[in-house]
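Spelled out, the chains give:
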Amino acid sequence: MNTDWLRKYDSFLPWLTRRQRLIVLYAVVLGAVILLYTLLYNYGMRTLEGHDHSLFRSFQTVIETMTTTGYGADSPWSSPVMNVYVVFMQVTGIGIGLATLRILIIPLFERAPMDLSDRLTAKDDHVVIAEYRRDTGVLLDELKRLSVDYVLIESDPEEAKRLSDDGYQVIHGNPERGEELDRAMVEDASMLVTDAGDDNASVALTARRHNPDLDIVALTDDPDREAALREVGVDRVISPHALIGRRLGQKASAWTGAPHLDDAAVGDLRIREMLVRRDSQMAGVRLADTAVADHPDLTLVAAWLDGDLRLPPDPDEYVTPNSVLLVAGPRDAIDDVQKQASGLRPPRRHSNVVVAGMGAGGRAATDALADEVDVTTIDAEEKPNVDVVGDVKDAETFETADVEEASGLIVTVGDDASALLAVAVVRTLTDDIDILVRVNDTEKTPSAFDAGGDYVLSVQRVSARLLAREIRGEDVLTPVSQLRLVRVPAADFAGRTLGDLRDRGEEGYAFVGVQRDETVLTHPTTEIADGDRLVVAGTDETVREFERELA
């Protein structure tokens, strides 16, 4: 299919959709026709009929003729040429009226537009999304927030119509067909994302024929298909269930006490993870308004918000019951804040974790747990590495797994109803346990907290964020275990205060304190001297970059 004319058409007023460009073009052509008719009619009346008309009188007559509303005092006409000309205007007026109905009027009242691609703005270097089987609105909102240009191909006509009506860049079609990919301008795209289930391979092969340079990302619920998808040309394979399971396992492992942070502590200065539970006074509060931000000796180094590590966090973001705050400061000051805020506590050291659901997510969670953690696994079916076979909705299953003796529970079962009931069942057996749970539907996240979950990740929301950051080439799974404290010479910052450095808002690391002799000063008014050393917290990568900048 030759699409050169389509690309030229899209280059005209590229900020408008194809339909808007069609309306503009139609209005311009109609105006030009009316102007031409007016000039010809005015000339004919003067030269053939002997009437010296004004242009406005001629314009009125042309409009009356084309709309068949009447002819005024000009009729009848004596010359054959003028009669033929008027008949011509009448006929073309009827044609223009029908075209107006077809192009402008009928689409406004039809149940669905003739072609949703008419609503697309011009695209170049964009992302084509060939189906998305999760919460599409969550993904498209995330792409919009990150200013990522895209076209979604949706196979369900009703869903495509609904999304298009809501202002999203969506067309209806089968992404396995080259025609649909052409409508999505895949030749001008930089990336294709396919979440078409068993059709992923077919979509990837078709897209590669249309654009050999395309970067192809595939989403699959089965990590075992990665090798086959790479064989057909997929560049990257994402398994959301496995990634979220790994995130839950990493989170549980990070709660074993984070010994790497203790080893890097300077004097009494510590970094401590504090879990914000659902009954905490900090839940629903802006980070800038929390007790941590108000304490002069504490620094909010980072925060896990909705499953994402923010380093440093935005003070205007809100603390959710899902949050884990990484706070740096003197041990006594951290203890003081924890006592002030009910429901805020450091996660315990896990030595015994129960994993419920041994699908892709459960296996990934188990693999991510630290070696020193004893793991008991539960699944409805007997399979390798399953310790207890049973229904997670039954208390007997968890009693067999000795959940009352466990310090942590990871729930990665297939449906949300079972996950919520499993959390509630465990809460009836013991309240002295940290529960980390995966839900599929973002709207079920509050329900998971209400059921008794301490840390909840939604497949829909996390998948959207994982994919959006994958599109932008960003690291999407930075574990807390990479955080560390370092001390660096402070001579380059002499004369400035610690508060000045914190206000810089550097991405990736935070200024925690100033070491002076054997004392670590954390108050923001502390003025830095030549012989001081700065205490900086960040990931391995960002801390190394900071050290290189000072070298």
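Bear in mind the structure is a predicted one, so any value in this text is a computation, not a measurement.

Conventions adopted
Residues numbered from 1 in each chain as written. Predicted model: local features only at pLDDT ≥ 70, side-chain atom pairs only at ≥ 80, totals over all residues. Heavy atoms only, no water. Salt bridge = Lys/Arg side-chain N within 4 Å of Asp/Glu carboxyl O. Helix = DSSP H or I, 4+ residues; strand = E, 2+ residues; numbered from the N terminus. Buried < 20%, exposed > 50% of the residue type's maximum accessible area, 1.4 Å probe, protein only. Expected span 1.5 Å × (residues − 1). Contact = heavy atoms within 4.5 Å. Polar contact = N/O pair within 3.5 Å; in protein donor to acceptor, adjacent residues only side chain to side chain. Core = buried A, V, L, I, M, F, W, Y, C linked by side-chain atoms within 4.5 Å. Pairing = 2+ DSSP bridges. Arc of directions from axis to C-beta. 1 Å grid on protein atoms, 1.4 Å probe; cavity = no way out; pocket = protein on both sides within 12 Å on 5 of 7 lines; lining within 4 Å. Points joined across faces, edges and corners; volume = space filled by probe spheres on them. Nonpolar A, V, L, I, M, F, W, Y, C, P; charged D, E, K, R; others polar. Axes fitted to C-alpha atoms, helices over the stretch in contact; angles between N-to-C directions.

J.: Teacher, can you tell me more about the pattern of salt bridges here?
T.: One side chain can pair with another of opposite charge once the charged atoms of both are near each other. Within the structure shown, the criterion is met by 21 salt bridges. In this structure, Asp-165 engages Lys-161 in a salt bridge whose closest nitrogen and oxygen atoms are separated by 2.3 Å. Placement of the pair is Asp-165 and Lys-161 together in helix H6 (residues 157-165), with a separation of four residues, close to one helical turn. Here Asp-165 falls in the partly exposed class, since its relative accessible area comes to 40%. For Arg-230, the salt bridge goes to Glu-226, with nearest N and O atoms at 3.1 Å. Of this pair, Arg-230 and Glu-226 both sit in helix H9 (residues 226-231), four residues apart, which is roughly one turn of that helix. On the accessibility criterion, Glu-226 (31% relative accessible area) is partly exposed. A single salt-bridge network, built from bridges that share partners, covers Arg-177, Glu-179, Glu-180 and Arg-183.

J.: I tried to follow helix H16 (residues 416-429) on my own but got confused; where do I start?
T.: Since the α-helix turns once every 3.6 residues, residues separated by three or four places project in the same direction. Compared with an ideal rise of 1.5 Å per residue, which puts 14 residues at 20 Å, H16 spans 20 Å between its outermost C-alpha atoms and is within 8% of the ideal. Counting buried positions along H16 gives 10 out of 14 residues, so the element sits mostly inside the fold. Three or more residues of H16 are buried, namely Asp-416, Ser-418, Ala-419, Leu-420, Ala-422, Val-423, Val-425, Val-426, Arg-427 and Leu-429. Those residues of H16 that are buried lie in contact with helix H15 (395-400), strand E15 (408-411), strand E16 (434-439) and helix H17 (445-451).

J.: I'm lost on the side chain of Lys-161 in this one. Help?
T.: Its relative accessible area of 16% is what places Lys-161 among the buried residues. A polar contact is formed between the side chain of Lys-161 and the side chain of Asp-165, at a distance of 2.3 Å.

J.: So what exactly am I meant to see when it comes to the nonpolar core here?
T.: Nonpolar side chains in soluble globular proteins tend to be buried together. Residues Ile-129, Leu-143, Val-301, Ile-410 and Leu-467 are the most contacted members of the largest nonpolar core, which totals 59 residues. In terms of residue count, helix H18 (residues 459-471) provides more of this core than any other element does, seven residues in total. Contact partners of Leu-143, with chain neighbours within four places excluded, come to Ile-129, Val-148, Tyr-150, Ala-468 and Ile-471. In terms of nonpolar packing, the next biggest core, distinct from the first, is built from 27 residues, Ala-356, Val-413, Ile-433 and Val-456 among them.

J.: Could you clarify how one ought to interpret the pairing of strand E19 (residues 509-516) in this entry?
T.: Successive residues of a regular strand alternate their side chains across the two faces of the sheet. For E19, the tally of buried residues reaches seven of eight residues, placing the bulk of the element in the interior. Judged from the three bridges that link them, E19 and strand E20 (residues 519-521) form a sheet pairing that is antiparallel. Each bridged residue has a counterpart across the sheet, and for Gln-515 the counterpart in E20 is Val-520. Taken together, E19 and the strand that follows it, E20, pair antiparallel across an intervening segment of two residues, in which Asp-517 is found at a positive phi of about 60°.

J.: Help me understand helix H8 (residues 200-210), please; the structure alone is not making it clear to me.
T.: Residues Asn-200, Val-203, Ala-204, Thr-206 and Ala-207 constitute the buried set of H8. End-on, the buried residues of H8 take up no more than an arc of 170°, which puts them together on one face. At its buried positions, H8 is contacted by strand E1 (127-130), helix H7 (178-183), strand E4 (191-194), strand E5 (215-219) and H9.

J.: Help me understand the layout of surface pockets in this model?
T.: A probe matching the size of a water molecule, rolled over the atoms, marks out where space remains unfilled. Approximately 560 Å³ is the volume found for the second largest pocket. Every residue lining the second largest pocket is counted, 23 residues in all, and those nearest its centre are Thr-299, Leu-300, Pro-315, Arg-502 and Asp-503. Those elements that place two or more of their residues in the lining of the second largest pocket are helix H12 (291-294), strand E8 (299-305), helix H19 (498-502) and E19. Grouping the constituent residues of the lining of the second largest pocket by class yields 15 nonpolar, four polar and four charged.

J.: Any chance you could explain the sheet that holds E1 here in plain terms?
T.: Sheet strands pair via backbone hydrogen bonds, and the direction of the pair is either parallel or antiparallel. Here we have six strands laid out as an open sheet, ordered E3-E2-E1-E4-E5-E6, and parallel in their pairing. Of all strands in the sheet, those with a lone pairing partner are strand E3 (170-172) and strand E6 (236-238), marking the two edges. Between one strand and the next, the sheet's axes are offset by a mean angle of 20°, whatever the strand orientation. The sheet contact formed by E1 and E4 spans four bridges and is parallel. Looking at the pairing, Ala-130 lines up with Thr-194 of E4. Sheet strands touched by helix H5 (residues 136-145): E1, strand E2 (150-154) and E3. Its angle to E2, the strand with the most contacts, is close to 170°. Along the sheet face, H6 touches E2 and E3 and points at about 155° away from the line of E3.

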